[in-house]
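Here's the letter readout for the chains.
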2 protein chains.
Amino acid sequence: MRKSALPSLSVRIDLDPEGRIGPGKIRLLEAIASCGSISAAGRAMNMSYKRAWDLVDEINHICNRPAVERQTGGKNGGGAMLTPFGQSLVARYRKIERSAENAARKELQALRADIGVRTKG
Amino acid sequence: MRKSALPSLSVRIDLDPEGRIGPGKIRLLEAIASCGSISAAGRAMNMSYKRAWDLVDEINHICNRPAVERQTGGKNGGGAMLTPFGQSLVARYRKIERSAENAARKELQALRADIGVRTKG
DNA sequence: GATCGTTATATGTATATAAACATAACGTAA
DNA sequence: TTACGTTATGTTTATATACATATAACGATC
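None of the values given here were measured: they were computed from a predicted structure.

What counts, and at which threshold
Residues numbered from 1 in each chain as written. Chains lettered and ligands numbered in written order. Predicted model: local features only at pLDDT ≥ 70, side-chain atom pairs only at ≥ 80, totals over all residues. Heavy atoms only, no water. Near = heavy atom within 4 Å. Polar contact = N/O pair within 3.5 Å; in protein donor to acceptor, adjacent residues only side chain to side chain. Helix = DSSP H or I, 4+ residues; strand = E, 2+ residues; numbered from the N terminus. Nonpolar A, V, L, I, M, F, W, Y, C, P; charged D, E, K, R; others polar. Core = buried A, V, L, I, M, F, W, Y, C linked by side-chain atoms within 4.5 Å. Buried < 20%, exposed > 50% of the residue type's maximum accessible area, 1.4 Å probe, protein only. Contact = heavy atoms within 4.5 Å. Axes fitted to C-alpha atoms, helices over the stretch in contact; angles between N-to-C directions. Parallel < 35°, antiparallel > 145°, perpendicular 65-115°, else oblique. Left-handed = near helix turned anticlockwise from the far one by under 90°.

Structural notes on the protein's contact with DNA strand C
(1) Moving on: Taken together, 21 residues surround DNA strand C, and among them Gly73(A), Gly74(A), Ile38(B), Trp53(B) and Arg70(B) come closest.
(2) Moving on: By atom count, sugar and phosphate contribute 66% of the portion of DNA strand C lying within 4 Å of the protein.
(3) Moving on: Contacts to DNA strand C include Arg43(B), whose side-chain N or O atom sits 3.3 Å from a phosphate oxygen.
(4) Moving on: Elements with a contribution of two residues or more to the surface near DNA strand C: helix H3 (49–62) of chain A together with helix H2 (38–44), helix H3 (49–62), strand E3 (68–72) and strand E4 (78–82) of chain B.
(5) Moving on: Along the lines of polarity and charge, the residues of the surface near DNA strand C split into four nonpolar, 11 polar and six charged.

Focus on the nonpolar core
(1) Moving on: Ile32(A) and Ile32(B) are the most contacted members of the largest nonpolar core, which has 66 residues in total.
(2) Moving on: Once residues within four sequence positions are removed from consideration, Ile32(A) is found in contact with Ser37(A), Ile38(A), Ala41(A), Val56(A), Val68(A), Ala80(A), Met81(A) and Leu82(A).

Here's the deal with the packing of helix H1 (residues 23–35) of chain B against helix H4 (residues 84–116) of chain B
Residues and elements named next belong to chain B.
(1) Moving on: Their axes nearest at 10 Å, the elements H1 and H4 cross at an angle of 135°. The angle between H1 and H4 falls in the class oblique. Seen from above, H1 lies across H4 with left-handed handedness. Residues Pro23, Ile26, Arg27, Leu29 and Glu30 of H1 form the contact with H4, whose participating residues are Leu89, Val90, Tyr93 and Arg94.
(2) Moving on: Here the residues of the contact of H1 with H4 are counted per class, giving six nonpolar, no polar and three charged.

Points about the packing of H1(B) against H3(B)
Residues and elements named next belong to chain B.
(1) Moving on: At a minimum axis separation of 11 Å, H1 and H3 run at an interaxial angle of 105°. Taken together, the axis directions place H1 and H3 in an arrangement best described as roughly perpendicular. For the pair H1 and H3, contact is made by Lys25, Leu28, Leu29 and Ile32 and by Ala52, Leu55, Val56, Glu58, Ile59 and Ile62, respectively.
(2) Moving on: Residues that form the contact of H1 with H3 fall into these classes: eight nonpolar, no polar and two charged.

This is the structure:
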């Protein structure tokens, strides 16, 4: 498998001075979407349930609307899924990320040439 | 009118898994370039000299070559300036940042529209 | 040699962040 | 009712980060 070459970009969206959404929260949202629960997503990311829950809570508060809808109790104990807004948030982030990396590719290559390629391994 | 309304982008360059360069370090480099010393740059950014020095040291180590050249002692007690590499690093970062914001503008506006309008339900 | 403001370094103290652990509430199904 | 796995919410501990303070070395200038 091919790891992303360094240097690479990471993009954050500053929704307000105290609230940003970056690659970590987006990966968590994606994991929730594919796992069906916060706790399973946390396990998949090697993250404690509490941390995952706190991040979800933070995301929902940063945006003015819930990105994750949660059900407590019920079949299988409950679960969580992305709201339509949450889905579009992830999609938008990924699109922005792709656009940014595309736009920056030349400069990053030049930077890599300056610094020297480090092939770890 | 102020330049960037929220949400806005912030871009980091991951030079290696443990070393990133983002808007803070770039602003520090720019302050050093315009102030002529680490300590003056720190004062200008309301940052302790130690913190500024540590950041410069980190930058110089993250990259494989110095971005800041320092002179201890001498006229005015010494000073610091950007190396040619440091100058190009700043220029490249700012160019990447502009490209990224340009590429993401539409999506950010859509996101702003989503978040700005609070729809309960 | 004394002065000056800088670089360079060390140490201790707050503060913020993350991890670890514990426990209750929930709602479906057996 | 009981069991189950989840959401929800604490409390405590540990770690990392930032801050404050102190001090020495440096080298041109006076």
